[in-house]
Amino acid sequence: MDPCDRISAKLGKFRPSITLQLKRLASERIQKGLPVYDFGLGETKGTLASNIREAGVRAYREGQTMYGDPAGMPELRRAVLEWLALEDHYSVDEVVISAGAKQSLFNIFLAVCNPGDFVFFDAAPWVSYQPLAIAVYAGPIMVLPLAGARDGLKVAPEDLRRNLKMRPHAKLFLLNNPVNPTGQLYSAEEVEALLSVCLEHRVYFVLDRLYWRIVFDGTDYPEPRVDEETKPWLIQVDGLSKNWRSTGGLRIGWSVGPSDVARAMASLQSHYTAGPAIPTQHSALAAITDRYDPELKMALQSKRDLLQAEARDVPYVKVWPTPASFYSFWDVRGTFGKLTPEGTPISSSDDLAEYLLHSAGVVTASGAAFMQDGYLRLSFATPDEHIVEGVRAIREALERLS
Ligand code: PLP
């Protein structure tokens, strides 16, 4: 066999998720005893809540380890509807539990896309959207604002409409709200306007709402309209990974959508995972049925404020306001054209991220991973002293540029 044929043409082009690579780089530095200020990975830290832990432990003790319903435990699917206040609109059969929101998204792409269909994302798509689209032979399209960077790189309805008109095989528009990586929040009016464009064009409106509990300054989450008109086209994705502490590794996500799509996804899962592990589904059930503690949101809001205050006098960068999520988005184009002390030019976000890592031990995510060269994403779900010392290390590293 030709060595080029050993891996399929589509997967041969894949690179592992950049954010997980960052985790590896940071731990390599720690093992060498070098300082690391980790703003890289999008993961909440801290102790797993005891109710979540104990529900899983109990499930193991009670021997709840047999195969379950491939679409997820019915009691968890019912609880998901209550968690999202959707119990008056959907039945349990319209909920599918999967191994993380990633799998929910992949299920959706597999369920609705044919080869050659187009799927649309915003101008700074989260790292895994494009690989998932390519894996189903769909064409990923970023909806770029017509007149340069619009407010917070947000997609306006006319941008989406223009793109959908150009491509007859449009299948879905995926909106991430709050947005990873930019930390922006679309308002209820903005969500409604985009949803209406999708309805006009009869394309699915997929809402990835994974960070929906982490909305700051007392703002309510802008829920999408759910009624007979929107239901056939609206698919919502959520999960356990972000709104609690240290839950990313439990790998539970869920989707709520029209019954034909949910049925296709459940049928698919029956063949390729048979549903996520039962004990972790019990953990998820405890997480979403017990009263939600806003402590994480409040802690993150104060970290956001700390980061913003510390970053005020960092040269060459503009820090975007962060109304939601735990990502601070930095416009770093002011560093382009500068030279490091070693004489290496900074000409991309990748160059800057690499310089910060090697010269200051600061881990960031380069905007290039989100198709936005010129920016860095900093996750502030990190201890306060790391924020203070890490921003100081960034400031000193940037002051050394000439
Ligand atoms: N969607 C967004 C916007 C994310 O940031 C992530 C994870 O970082 C995911 C989906 C995937 O979530 P999960 O870890 O539950 O698979």
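Before reading further, recall that the structure is shown in the block above.
Residues numbered from 1 in each chain as written. Predicted model: local features only at pLDDT ≥ 70, side-chain atom pairs only at ≥ 80, totals over all residues. Heavy atoms only, no water.

**Points about the side chain of Lys 231**
And step 1. The residue Lys 231 is located in the loop between β6 (204-208) and β7 (234-239) in this model.
And step 2. A polar contact of 2.6 Å, which involves the side chain of Lys 231, links it to the backbone oxygen of His 89. (Helix = DSSP H or I, 4+ residues; strand = E, 2+ residues; numbered from the N terminus. Polar contact = N/O pair within 3.5 Å; in protein donor to acceptor, adjacent residues only side chain to side chain.)

**Some thoughts on the packing of helix α7 (residues 157-166) against helix α8 (residues 188-201)**
And step 1. One way to put it is that α7 packs onto α8 with a least axis distance of 9 Å and a crossing angle of 20 degrees. The angle between α7 and α8 falls in the class roughly parallel. Between α7 and α8 the crossing geometry is right-handed. Where α7 approaches α8, its residues Pro 157, Leu 160, Arg 161, Leu 164 and Lys 165 are matched on the opposing element by Ala 193, Leu 194, Val 197, Cys 198, Glu 200 and His 201.
And step 2. A breakdown of the residues in the contact of α7 with α8 according to their chemical character gives seven nonpolar, one polar and three charged. (Axes fitted to C-alpha atoms, helices over the stretch in contact; angles between N-to-C directions. Parallel < 35°, antiparallel > 145°, perpendicular 65-115°, else oblique. Left-handed = near helix turned anticlockwise from the far one by under 90°. Contact = heavy atoms within 4.5 Å. Nonpolar A, V, L, I, M, F, W, Y, C, P; charged D, E, K, R; others polar.)

**Some thoughts on helix α13 (residues 384-399)**
Since one α-helical turn is 3.6 residues long, residues separated by three or four positions face the same way.
And step 1. If you check α13, its first and last C-alpha atoms are 23 Å apart, about what 16 residues at 1.5 Å a residue would give, namely 22 Å.
And step 2. Listed as buried for α13 are Ile 387, Gly 390, Val 391, Ala 393, Ile 394, Arg 395, Ala 397 and Leu 398.
And step 3. Where the residues of α13 are buried, they touch β1 (37-38), α11 (295-310), β10 (327-331), α12 (349-360), β11 (362-363) and β13 (375-379). (Expected span 1.5 Å × (residues − 1). Buried < 20%, exposed > 50% of the residue type's maximum accessible area, 1.4 Å probe, protein only.)

**Focus on the sheet that holds β13**
And step 1. With antiparallel pairing, four strands are arranged side by side in an open sheet as β9-β10-β13-β12. The open sheet has two edge strands with one neighbour each: β9 (318-319) and β12 (365-366).
And step 2. Looking at chain direction, β10 and β13 are connected through five bridges and run antiparallel. Bridge pairing links Tyr 327 to Ser 379 in β13. (Pairing = 2+ DSSP bridges.)

**Points about the nonpolar core**
And step 1. Of all hydrophobic cores here, the largest spans 65 residues; its most connected members are Ile 108, Phe 109, Leu 172, Val 206, Trp 330 and Leu 356.
And step 2. A per-element tally of this core places α13 first, with six residues.
And step 3. Looking at this core, you find at least three residues from each of domain 1 (3-34 + 294-399) and domain 2 (50-289).
And step 4. In contact with Leu 356, not counting residues within four places along its chain, are Gly 361, Val 362, Thr 364, Leu 376, Ile 394, Ala 397 and Leu 398.
And step 5. Formed by 50 residues, the second largest nonpolar core is a distinct cluster that contains Met 73, Val 143, Val 226 and Ala 284. (Core = buried A, V, L, I, M, F, W, Y, C linked by side-chain atoms within 4.5 Å. Domains from an automatic or database assignment.)

**Quick word on the sheet that holds strand β8 (residues 253-256)**
By way of backbone hydrogen bonds, the strands of a sheet pair with one another, either parallel or antiparallel.
And step 1. What the seven strands build is an open sheet, ordered β2-β8-β7-β6-β5-β3-β4; its pairing is mixed. Strands at the two margins of the open sheet, each flanked by one partner only, are β2 (95-98) and β4 (139-142). The sheet shows a mean angle of 20 degrees between the axes of neighbouring strands, direction not considered.
And step 2. Alignment of β2 against β8, held across four bridges, turns out to be antiparallel. Considered in β8, the bridge of Ser 98 is made with Gly 253.

**Some words on the pairing of β7**
Remark: a regular strand shows side chains that alternate across the two faces of the sheet.
And step 1. Burial analysis of β7 places six of its six residues in the buried class, the great majority of the element.
And step 2. Because side chains alternate across β7, one face comprises the buried residues Leu 234, Gln 236 and Asp 238, and the other comprises Ile 235, Val 237 and Gly 239, equally buried.
And step 3. Relative to β8, β7 runs antiparallel, the two being bridged by four bridges. Bridging across to β8, Gln 236 finds its partner in Val 256.

**Comments concerning the pairing of β10**
And step 1. In terms of burial, β10 is largely enclosed, as five of its five residues are buried.
And step 2. Residues of β10 alternate between two faces, with Tyr 327, Phe 329 and Asp 331 on one and Ser 328 and Trp 330 on the opposite face, all of them buried.

**Quick notes on the site of the ligand**
And step 1. The local shell around the ligand holds 13 residues, among which Asn 180, Asp 208, Tyr 211, Ser 241 and Arg 251 are the closest.
And step 2. One of the backbone N or O atoms of Ala 101 is found 2.8 Å from an oxygen atom in the ligand.
And step 3. In the environment of the ligand, an oxygen atom lies 3.5 Å from a nitrogen or oxygen atom belonging to the side chain of Trp 126.
And step 4. Burial of the ligand by the surrounding chains reaches 93%, relative to a free accessible area of 390 Å².
And step 5. Here the shell around the ligand is composed, by residue class, of five nonpolar, four polar and four charged. (Near = heavy atom within 4 Å. Areas by Shrake-Rupley, 256 points an atom, 1.4 Å probe, with all protein chains shown as cover.)

**A few points about helix α10 (residues 278-289)**
And step 1. The end-to-end C-alpha distance of α10 is 16 Å, a good match for the 16 Å that 12 residues give at a rise of 1.5 Å each.
And step 2. Among the 12 residues that make up α10, 11 are buried, leaving the element largely enclosed by the rest of the structure.
And step 3. Within α10, the full set of buried residues consists of Ile 278, Pro 279, Thr 280, Gln 281, His 282, Ser 283, Ala 284, Leu 285, Ala 286, Ala 287 and Ile 288.

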